[in-house]
Amino acid sequence: MNQYLQMGANTTLSSAKGSIVISHAISSLIDISLTAFLLTDSDKVQGDHGIIFYNQPTSSSGVATLMPSELVGNTKVHKN
């Protein structure tokens, strides 16, 4: 599934397993900051350990990991 998001947008995942790849043209005008929220069955964030971002790139359970971005030509690629 490919999906295009506008700045500040978010989306949900349709599967509990898989990987996400986010790519964008390199620009001095924008930077991408990714954050993943791990939710409980009642759609509540699991607390601080349920937030995955640059300063906490792996969940304590190991279920989610934010990989460092890579440069591919003129594109920056983020993989989760």
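Structure's up top.
Residues numbered from 1 in each chain as written. Predicted model: local features only at pLDDT ≥ 70, side-chain atom pairs only at ≥ 80, totals over all residues. Heavy atoms only, no water.

*Asks:* Looking at this structure, how should I read unusual backbone geometry?
*Replies:* In most cases, non-glycine residues show a negative phi, while peptide bonds are predominantly trans. For D43, which is not a glycine, the phi torsion comes out positive at approximately 60 degrees. On the secondary structure map, D43 appears in the loop between strand 2 (36–37) and strand 3 (51–52). (Helix = DSSP H or I, 4+ residues; strand = E, 2+ residues; numbered from the N terminus.)

*Asks:* Looking at this structure, how should I read the pairing of strand 5 (residues 75–79)?
*Replies:* On a regular strand, one side chain projects to one face of the sheet and the next to the other, so that they alternate. Both strand 1 (residues 21–25) and strand 5 contribute to a ladder of 5 bridges, which runs antiparallel. The residue bridging H24 from the neighbouring strand is K76, located in strand 5. Linking strand 4 (residues 70–72) to strand 5, which pair antiparallel, is a turn of 2 residues; within it G73 sits at a positive phi near 65 degrees. (Pairing = 2+ DSSP bridges.)

*Asks:* I'm lost on the layout of surface pockets in this one. Help?
*Replies:* If you roll a probe as big as a water molecule over the atoms, it shows you where there is empty space left. Considered as a void within the structure, the largest pocket measures approximately 2200 Å³ in volume. Lining the largest pocket are 43 residues, with T11, L13, I20, I22 and N80 positioned closest to its centre. Taken together, the elements giving at least two residues each to the lining of the largest pocket come down to strand 1 and strand 2. Looking at the lining of the largest pocket, the element that brings in the most residues is strand 1, giving 4 residues. Here the lining of the largest pocket is built from residues that sort into 21 nonpolar, 20 polar and 2 charged. Taken together, I32, S33, L34, Y54, P57, L66, M67, P68, S69 and H78 form the lining of the second largest pocket. Considering only residue class, the lining of the second largest pocket consists of 7 nonpolar, 3 polar and no charged. (1 Å grid on protein atoms, 1.4 Å probe; cavity = no way out; pocket = protein on both sides within 12 Å on 5 of 7 lines; lining within 4 Å. Points joined across faces, edges and corners; volume = space filled by probe spheres on them. Nonpolar A, V, L, I, M, F, W, Y, C, P; charged D, E, K, R; others polar.)

*Asks:* Would you mind going over the side chain of S59 with me for this structure?
*Replies:* Checked against the element boundaries, S59 lands in the loop between strand 3 and strand 4. We classify S59 as buried; its relative accessible area is 4%. (Buried < 20%, exposed > 50% of the residue type's maximum accessible area, 1.4 Å probe, protein only.)

*Asks:* Any chance you could explain the packing of aromatic side chains here in plain terms?
*Replies:* Two numbers describe a pair of aromatic rings. These are the distance of the centres and the angle of the planes. Taken as a whole, this structure holds 1 aromatic pair when the rule is applied. On the basis of an interplanar angle of 85 degrees and a centroid distance of 5.5 Å, the ring pair of F53 and Y54 is categorised as edge-to-face. (Phe/Tyr/Trp six-rings, centres within 6.5 Å; stacked < 30°, edge-to-face > 60°.)

*Asks:* How do you make sense of the sheet that holds strand 1 when you look at a structure like this?
*Replies:* Sheet strands line up and pair through hydrogen bonds in the backbone, either parallel or antiparallel. Within the open sheet, the 3 strands sit side by side as 1-5-4. Their pairing is antiparallel. Strands at the two margins of the open sheet, each flanked by one partner only, are strand 1 and strand 4. Mean inter-strand twist for the sheet, computed between neighbouring axes without regard to direction, equals 30 degrees. (Axes fitted to C-alpha atoms, helices over the stretch in contact; angles between N-to-C directions.)

*Asks:* So what exactly am I meant to see when it comes to the nonpolar core here?
*Replies:* Side chains of a nonpolar character, in soluble globular proteins, are inclined to be buried together. The biggest cluster of nonpolar side chains holds 5 residues, and these are L34, L38, I52, A64 and L66. Look past the residues within four positions of L38 in its chain and what remains in contact with it is K44, V45, Q46, H49, G50, I52, S59, V63 and A64. (Core = buried A, V, L, I, M, F, W, Y, C linked by side-chain atoms within 4.5 Å. Contact = heavy atoms within 4.5 Å.)

So far we have only geometry, and geometry alone does not tell us how the molecule works.
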